[in-house]
Amino acid sequence: NAYYTTDVKPNGKLWDMYSDIPGGTPAYEYTIGADQCGSTSPSAEGGCYNREHTWPQSKFASDTPMQNDLFIVIPTDYYVNNLRGNLPYGKVGGTPTHVFTNGGKIGGNGYAGAPSGSCFEPIDSFKGDLARTYFYIATCYYGADSTKFTNWEMATGISFKPWAIAMLLEWHHNDPVSAKEINRNNKAYLRQNNRNPFIDYPEYADCIWGSGPCTNAVDDVPAAQQSVTVITNDAAQAITLDWHTLNTGELTGISLYNLNGQVVYTTRVAENNTPALSISTATMAKGIYLLRLNSLHNAEVRKIVVQ
């Protein structure tokens, strides 16, 4: 039922990334609800749509909550979905074995470093969407649920393999966040009460997997602010911060966010505060967090890993 609001095109039809042609005319379109697959199994495109687990559910034992996560499960054409099966996303090299009506294709994976075998390559207009979906999965389920994930071509458990990181970052950069993604993020939030932070803050992908700085500020981070020392001590279940080298009053606030965008700790820093702080991680789930340091001139975001 979510697809009535999360995956509806401006013309009221279903937004199927495996058949849609942005700026063009797709070979077919689906009416949400009426064209959902039932007991039939179409032998060609355009028969009906069903639910596609972008990260194959066989790779997490069809377990919950992943199986029903709107950020993982998208509506797609049954026939294309069925042929994609459990194939990894990739870059088809050589002659494809299947080419679909919107230009998506299946064939041998030719991306540098990828294992041999077939892959599914979506069209360029949706590669960024799927990359940011994978970034979400790898962070949202990094904690306790990570044990439910098994190894496959793109990842060891929940952790991307090097070739997959390179490809997903490439897709992320070449296909920036679209109005479609922003709308879907907003609508999914109303149902699930969480968001895909890589749509809200695309720079976080480079912060975590690339070489980009962990900052969401337009200006450069002042050299003085970079002097904040942050140490995560898992044995002591604490994050310690020290800013003795900063000018008095330079640091104004400290916040810690999980990858669902929820604030797990925040405090204001007064001028007369001791320039050091310890944040307890005893009750925090293991995983990746983002530490935001607010100063008089800018804001810096650093990645924190709680083991």
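What comes next is a walk through the structure. (Residues numbered from 1 in each chain as written. Predicted model: local features only at pLDDT ≥ 70, side-chain atom pairs only at ≥ 80, totals over all residues. Heavy atoms only, no water.)

Description of the overall build of the protein chain
Put simply, the rule is: Strands here mean DSSP runs of E at least two residues long; helices mean DSSP runs of H or I at least four residues long; both are numbered from the N terminus. In this description the radius of gyration comes from C-alpha coordinates, and the expected globular size is given by 2.2 Å times residues to the power 0.38. A 1.4 Å probe rolled over the protein chains alone gives each residue an accessible area, and that area as a share of the maximum for its type sets the label: buried under 20%, exposed over 50%, partly exposed in between. Here, residues are in contact when the closest pair of their heavy atoms is within 4.5 Å. Note that accessible areas follow from Shrake-Rupley with a 1.4 Å probe, and for residues the cover is restricted to the protein chains shown. Charged residues are defined here as Lys and Arg on the positive side and Asp and Glu on the negative side; His and the ends of the chain fall outside this count. Lys charges are placed at NZ, Arg charges at CZ, Asp charges at CG and Glu charges at CD.
Within the protein chain, the regular secondary structure consists of 7 helices and 14 strands. In terms of C-alpha radius of gyration, the protein chain reaches 22 Å, essentially the compact-globule figure of 19 Å for 307 residues. Expressed as lengths along the three principal axes of its C-alpha atoms, the size of the protein chain is roughly 70 × 40 × 35 Å. Counting only residues that meet the buried cut, the protein chain has 47% of its 307 residues in that class. Long-range pairs, those at least 24 residues apart, make up 62% of the contacts in the protein chain with a sequence separation of at least 6. A total accessible area of about 14000 Å² is found for the protein chain, and carbon and sulfur atoms account for 48% of it. Averaging the coordinates of the 21 positive side-chain charges in the protein chain and doing the same for the 28 negative ones gives two points 4 Å apart.

Thoughts on the packing of helix α3 (residues 124–140) against helix α5 (residues 179–192)
Applied cut-off: Throughout, an axis means a line fitted to C-alpha atoms (over the contacting stretch in the case of helices), and angles, computed between N-to-C directions, take values from 0 to 180 degrees. Two helices that cross are described as forming a left-handed crossing if the nearer one is turned anticlockwise from the farther one by less than a right angle, and a right-handed crossing if clockwise.
Following both chains from N to C, one finds α3 and α5 inclined at 35°, their axes separated by 11 Å at the closest point. As α3 packs across α5, the resulting crossing turns out to be right-handed. Taking contact as the criterion, the partners of Phe126, Gly128, Asp129, Arg132 and Tyr136 in α3 are, on α5, Lys180, Glu181 and Gln192.

With respect to the side chain of Arg302
Quick note on the threshold: Polar contact is defined as a pair of N or O atoms within 3.5 Å, subject to the rule that within protein one atom must be able to donate a hydrogen and the other to accept it, and that residues adjacent in sequence are counted only when both atoms are side-chain atoms.
For Arg302, the location among the structural elements is in strand β14 (residues 299–306). Taking the relative accessible area as the measure of exposure, Arg302 reaches 17% and is therefore buried. Of the polar contacts made by the side chain of Arg302, one reaches the backbone oxygen of Val228; its length is 2.8 Å.

Here's the deal with the sheet that holds strand β8 (residues 229–233)
For sheets, the rule is that strands pair by backbone hydrogen bonds, running either parallel or antiparallel. Note the following rule: By the convention used here, strands pair only if DSSP detects at least 2 bridges between them.
The 3 strands are arranged β8-β9-β12 in an open sheet whose pairing can be described as antiparallel. The open sheet has two edge strands with one neighbour each: β8 and β12 (276–280). Within the sheet, the average angular offset between the axes of one strand and its neighbour, ignoring direction, is 15°. Looking at chain direction, β8 and strand β9 (residues 238–242) are connected through 5 bridges and run antiparallel. Looking at the pairing, Thr232 lines up with Ile239 of β9.

As for the pattern of salt bridges
Heads up, the rule is: Just to be clear on terms, a salt bridge is a Lys or Arg side-chain nitrogen sitting within 4 Å of an Asp or Glu carboxyl oxygen.
In the structure shown here, the tally under the stated rule is 10 salt bridges. Residue Lys9 is joined to Asp20 by a salt bridge in which the shortest nitrogen-to-oxygen separation is 3.0 Å. Of this pair, Lys9 sits in the loop between α1 (3–6) and β1 (49–53) while Asp20 sits in the loop between α1 and β1, placing them 11 residues apart in sequence. Summarising the burial analysis for this pair, Lys9 and Asp20 share the class buried. Salt-bridge contacts for Arg84 lead to Glu52; the nearest nitrogen and oxygen are separated by 3.1 Å. Of the two residues, Arg84 is situated in helix α2 (residues 78–84) and Glu52 in strand β1; the sequence distance between them amounts to 32 residues.

Overview of α5
What counts is decided by this rule: Here a helix's expected span is defined as the number of its residues, less one, multiplied by 1.5 Å. Here the arc refers to the set of directions running from the helix axis out to each C-beta atom.
The first and last C-alpha atoms of α5 sit 20 Å apart over 14 residues, in line with the 20 Å expected at 1.5 Å per residue. When we look at burial in α5, the residues that qualify are Lys180, Glu181, Arg184, Asn185 and Ala188. Along the axis of α5, the buried positions cluster into a sector of 130°, meaning they face one direction only. Relative to its buried face, α5 has exposed residues pointing more than 90 degrees away, namely Ala179 and Leu190. Among the structural elements, α1, β2 (73–77), α3 and α6 (197–200) are those in contact with the buried residues of α5. Directly after α5, the chain includes Asn193, whose backbone phi takes a positive value near 65°.

Brief notes about the environment of Leu246
Mapped onto the fold, Leu246 is located in the loop between β9 and β10 (251–258). Take Leu246: its relative accessible area is 9%, and that puts it in the buried class. Taking the C-alpha atoms as reference points, Leu246 and Pro275, separated by 29 residues in sequence, lie 8.5 Å from one another.

Structural notes on α3
With 17 residues, α3 extends 25 Å between its outermost C-alpha atoms, agreeing within 8% with the 24 Å of an ideal straight helix rising 1.5 Å per residue. Most of α3 sits inside the fold, with 14 of its 17 residues counted as buried.

Some words on the packing of α3 against helix α4 (residues 162–174)
Filter applied, for reference: Any angle from 65 to 115 degrees is called roughly perpendicular, while one under 35 is roughly parallel, one over 145 is roughly antiparallel, and all others are oblique. Ten residue types, Ala, Val, Leu, Ile, Met, Phe, Trp, Tyr, Cys and Pro, are classed as nonpolar, four, Asp, Glu, Lys and Arg, as charged, and the remainder, Gly among them, as polar.
Remark: α3 packs on α4, axes separated minimally by 7 Å, with the N-to-C direction vectors making an angle of 130°. Of the possible angle classes, the one that applies to α3 and α4 is oblique. In the crossing of α3 with α4, the sense of the turn from one axis to the other is left-handed. Contact with α3, carried on its side by Lys127, Gly128, Ala131, Arg132, Tyr134 and Phe135, involves Leu168, Leu169, Trp171 and His172 of α4 and no other residues of that element. Taken together, the residues of the contact of α3 with α4 sort by class into 6 nonpolar, 2 polar and 2 charged.

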